Amino acid sequence: MTLSSLGINYVYVVCAALFVLGLKMLSSPATARRGNLVSALGMLIAIVATLLAQGLDYRWIMIGMLIGGLIGTAGAYFVKMTAMPEMVALFNGSGGLASLLLSWSEYHHSPAMAPFIALVTALSVFIGGVAFTGSMVAYGKLAGKISQQAVVFKGQHLVNGAIVLTAAGAAALFYLKPDSLFGYLFFVVMILVALVFGVTSTIPVGGADIPVVISLLNSYTGLAACAAGFVVSNNILIVAGALVGASGIILTRLMCKAMNRSLFNIFFSGFGTTTAGAGSTSGVQGEIKAASAEDVYYILEAADSVAFVPGYGMAVAQAQHVVKELGDLLEANGTEIVYAIHPVAGRMPGHMNVLLAEANVPYDQLVEMEDINPRMETMDVCVVIGANDVVNPAAVNDAKSPIYGMPIIETYRAKTVIVLKRSMHAGFAGIENALFYGENTRMYFGDAKTSLQAVVAEFKSGN
Ligand code: TAP
C-alpha cells in the first residue's frame, strides 16, 4: 500500500497540527502529560505514513525501530528523575547524529546536487555534528563521566573562531562543486570540524549551567532535522525540525531571563563551576536563629497560610513525597497551602513541577513566582525547602551581587520564613544569603526529607 504524494501531505498537516497542539499543552502542568501523548501520536502517524508513502522494504527499518523503541522505553522507565537532563542530552545527541547521517547518506545517493540542496546538506551535517558531540560533552559533564569544571583557556575565542571559519570555508568549497572529489573531501572536513566544534564550544560551560546548553543544543538538533527535511524533501521533517528549533531557543531565552544571565555569560564565564561553601563572603551580618522540628510544628500548626518554596535541595533529598504529606496534614488543619515555583529552581526546566507531580501535588496548588510575590506579605509562613539562590534577597537589594536583577521568590517579605537546609553553605551561585539571617527567619538544619519527616511525626503525634 502506498500513499499518494498529495494524500501524504494531508496526513502531514494533521501531524503538524498535533505537534503544535501538543507543544501548547506542554506549557501547563495540568495538560503536559496529555500534550506529550498528543505529540507522540502525531509522530507515530507521521512515521507510519512516511513509510507507507515510500513503498520500502521495511525489514531493516522495523528492526531499527524495535531496538530504538526498546532502548527508549527502558530509559523512560528506569532513569532516575534527577538523571533526566542526562537522558535528554543523550536523546538530543542521537537526533543530531541522525540528521548528520541522513544527509550524508543522501549525498552518497546523489552527489550531483542542486545548489540549494548542497546548502541544506552542509547545514544539516554541520549543525547535526555540533549538536551530537556537544550533547555528548553535556551528558559527560552531567553524569560525572568528565570533569564538570569549565575548561577555559587563553585564546579560546580565537580557536573557536578559527574552527567556525574553517567550517564555513569547507562548506563554501563543497557548495561550489559537491560532486567532485574535492567536494567530498571538503564535505568530510566539514563533518570533522563540526564534531570538534561541538566539543570546543561546550567544554567552557560549567557543569551547573549545562541544562541551558542542552536546551540550546536541542534547538540545534531541531534546525539540523529541519535542514535534513529539505535534503530528503520531507515536509513533516521540516515542520517538526522547525518546531523543535524554535521551542528550544525560546526555552533557552526563558532560562537565561529567569537567571538574569546572557547566553554569552553562560558559555564563557565559567560560572558555577566551583563548589561554593561557607567561605563565600558578601558581608552579610546578623544572627542565625535555629529551629527544631517541634518549633517548626508549632509555627506551622498556628498558620493560616503556608507557601512551600522548593529548590534544588528538595531534589537532592527526594523530599517531595513528605512535602506533600505535610501539605495534606496542614490542609486538614484548615491551612491554605500553595507551592511557589521559581522557573529555574533546581537544575533543569520544570524540575520542581516534575517532582511535585510525581508526589501527586494538585496542579491548582502550584503558584508561579509572578503570582505569589504580590501576596507575599499576607503569607503567614514560607517553608523554603533546599532553595537558596531563588530566594536570595541580594537579587533585589544588592546591586553588587552577581545575581542582582534575577527575579526571585520574595520569601523575605513573608511574616515568617522557615529554611530547610543542611548547613550555611551557599547555593549554585556561590554567594551568601541574607535571608538566613533575617529577623523573621528560622533555620531548620538537616537533610530536607529527614527534617520534614520529623515535623510530620510531630503533627501525627499531635505533639
Ligand atoms: P541552589 O541555589 O543551588 O541551592 C540549593 C540548596 O539546597 C543549597 O544551598 C544546599 O544547602 C541545599 N541542599 C542540598 N542538598 C540538600 C538536602 N539534602 N537537604 C536540604 N537542603 C539541601 O538551588 P535553587 O535555589 O533551586 O537555585 C537553582 C540555581 O541553579 C539557580 O542559581 C539557577 O540559576 C541555577 N540553574 C538552574 C537551572 C534550571 S533550568 N533550573 C539551570 C542551570 C542553573 P546545604 O548544602 O547547606 O544543604
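All values reported here derive from a predicted model rather than from experimental measurement.

1. A short note on the overall build of the chain
Assigned secondary structure in the chain consists of 17 helices and six strands. The C-alpha radius of gyration of the chain comes to 25 Å, within 12% of the 23 Å expected for a compact globule of 463 residues. Projected onto its principal axes, the C-alpha coordinates of the chain cover approximately 80 × 55 × 35 Å. Counting across all 463 residues of the chain, residues that qualify as buried make up 47%. Partitioning the contacts of the chain with sequence separation of at least 6, the portion at a separation of at least 24 is 77%. When the accessible surface of the chain is split by element, carbon and sulfur atoms take 66% of a total near 21800 Å². Across the chain, the centroid of the 24 positively charged side chains sits 9 Å from that of the 28 negatively charged ones.

2. Re the site of the ligand
Surveying the vicinity of the ligand reveals 31 residues, the closest of which are N388, D389, R422, S423 and D447. Here a nitrogen atom of the ligand sits 3.3 Å away from a polar atom, N or O, in the main chain of M348. The side chain of S423 places a nitrogen or oxygen atom 2.6 Å from an oxygen atom of the ligand. Coverage of the ligand by the protein chains reaches 97% of its 930 Å² of free accessible surface. Of all elements in the fold, only α9 (235-259), α12 (312-317) and β5 (416-421) reach the threshold of two or more residues within the shell around the ligand. Each residue belonging to the shell around the ligand can be placed in one class, and the counts come to 17 nonpolar, nine polar and five charged. Shared between two domains, the shell around the ligand holds at least three residues of each, these being domain 1 (79-268) and domain 2 (293-461).

Conventions we followed
Residues numbered from 1 in each chain as written. Predicted model: local features only at pLDDT ≥ 70, side-chain atom pairs only at ≥ 80, totals over all residues. Heavy atoms only, no water. Helix = DSSP H or I, 4+ residues; strand = E, 2+ residues; numbered from the N terminus. Rg over C-alpha atoms; globule rule 2.2 N^0.38 Å. Buried < 20%, exposed > 50% of the residue type's maximum accessible area, 1.4 Å probe, protein only. Contact = heavy atoms within 4.5 Å. Areas by Shrake-Rupley, 256 points an atom, 1.4 Å probe, with all protein chains shown as cover. Lys, Arg positive; Asp, Glu negative; His and termini not counted. Charge placed at Lys NZ, Arg CZ, Asp CG, Glu CD. Near = heavy atom within 4 Å. Polar contact = N/O pair within 3.5 Å; in protein donor to acceptor, adjacent residues only side chain to side chain. Nonpolar A, V, L, I, M, F, W, Y, C, P; charged D, E, K, R; others polar. Domains from an automatic or database assignment.

Geometric values such as these leave the question of function open.
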